[in-house]
Amino acid sequence: MLLPDTTEAQAARTAERLRLQIAGSEWQPCPVYVSIGVATFAPPANGIPLSPNEFFQWADQALYAAKQQGRNRVVIARKAA
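Residues numbered from 1 in each chain as written. Predicted model: local features only at pLDDT ≥ 70, side-chain atom pairs only at ≥ 80, totals over all residues. Heavy atoms only, no water.

1. Observations concerning a nonpolar patch on the surface
The test is simple: What makes a patch is a set of residues exposed beyond 30% relative accessible area and free of salt bridges, joined within 9 Å when like-charged and within 5 Å when nonpolar (Val, Leu, Ile, Met, Phe, Trp, Tyr). Every accessible area reported is derived by Shrake-Rupley at a probe size of 1.4 Å, with residue values counting cover from the shown protein chains alone. Note on definitions: salt bridges are taken to be side-chain nitrogens of Lys or Arg within 4 Å of carboxyl oxygens of Asp or Glu. Numbering of helices and strands starts at the N terminus; helices are DSSP runs of H or I of at least 4 residues and strands are runs of E of at least 2. Three labels apply to residues, based on accessible area from a 1.4 Å probe with only protein chains included: buried if under 20% of the type maximum, exposed if over 50%, partly exposed otherwise in between.
A cluster of nonpolar side chains, Met1, Leu3 and Leu18, forms an exposed patch at the surface whose accessible area comes to about 310 Å². Take leucine 18: it is sitting in helix α1 (residues 8-23). By relative accessible area, which is 35% here, leucine 18 ends up partly exposed.

2. Topic: α1
What counts here: Expected helix span is taken as 1.5 Å per residue step, with the number of steps being one fewer than the number of residues. What the arc covers is the set of directions going from the helix axis to the C-beta atoms.
End to end, α1 covers 22 Å across 16 residues, agreeing with the expected 22 Å (1.5 Å per residue, within 8%). For α1, every residue scored as buried is listed here: Ala11, Ala12, Ala15 and Arg19. Projected down its long axis, α1 shows its buried positions confined to an angular sector of 100°, all on one face. Of the residues in α1, the exposed ones pointing more than 90 degrees away from the buried face are Arg17 and Gln21.

3. Some remarks on the nonpolar core
For clarity, the cut-off: Nine residue types can take part in a nonpolar core, namely buried Ala, Val, Leu, Ile, Met, Phe, Trp, Tyr and Cys, and a core is a set of them joined through side-chain atoms within 4.5 Å.
By size, the foremost hydrophobic cluster in this structure holds 10 residues: Ala39, Leu50, Phe55, Trp58, Ala59, Ala62, Ala65, Ala66, Val75 and Ala77. At six residues, the largest contribution of residues to this core is made by helix α2 (residues 52-68). Counting residues in each nonpolar core, the second largest holds five residues, with Ala11, Ala15, Ile36 and Val38 among its members.

4. Examining the pattern of salt bridges
Counted by the stated rule, this structure contains one salt bridge. The shortest N-O distance in the salt bridge between arginine 19 and glutamate 16 comes to 2.6 Å. Here arginine 19 pairs with glutamate 16, and both are found in helix α1, just three residues apart, close to one helical turn. With relative accessibility at 27%, the residue glutamate 16 sits in the partly exposed group.

5. Digging into unusual backbone geometry
Backbone geometry places aspartate 5, a non-glycine residue, at a positive phi of 55°. By relative accessible area, aspartate 5 is classed as exposed at 81%.

6. A few points about the environment of alanine 12
Heads up, the rule is: Contacts between residues were defined by any pair of non-hydrogen atoms, one from each residue, lying within 4.5 Å.
Within the secondary structure, alanine 12 sits in helix α1. For alanine 12, a relative accessible area of 16% gives the class buried. Residues alanine 12 and tryptophan 27 lie 15 residues apart in sequence; the distance between their C-alpha atoms is 24 Å. Not counting residues up to four positions away in its chain, the partners in contact with alanine 12 are Val38, Val74 and Ile76.

Right, dumping it as structure tokens:
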């Protein structure tokens, strides 16, 4: 999901609302849970732009981190310093 003109905090809140909505719904024959990775695209401090491919890889890494941390959670991508 792309959320234009959205801060990291707003995106994380939206992701958490979505996760709670899905977890709170009745699914048959078994419960359904969701893991969400959140990444924000901001102008880089170093002046080197992030490519769209790098951005999606970053979001994907956050998604896998959410799954590895026990699923049914939201993880925000953090760039290594």
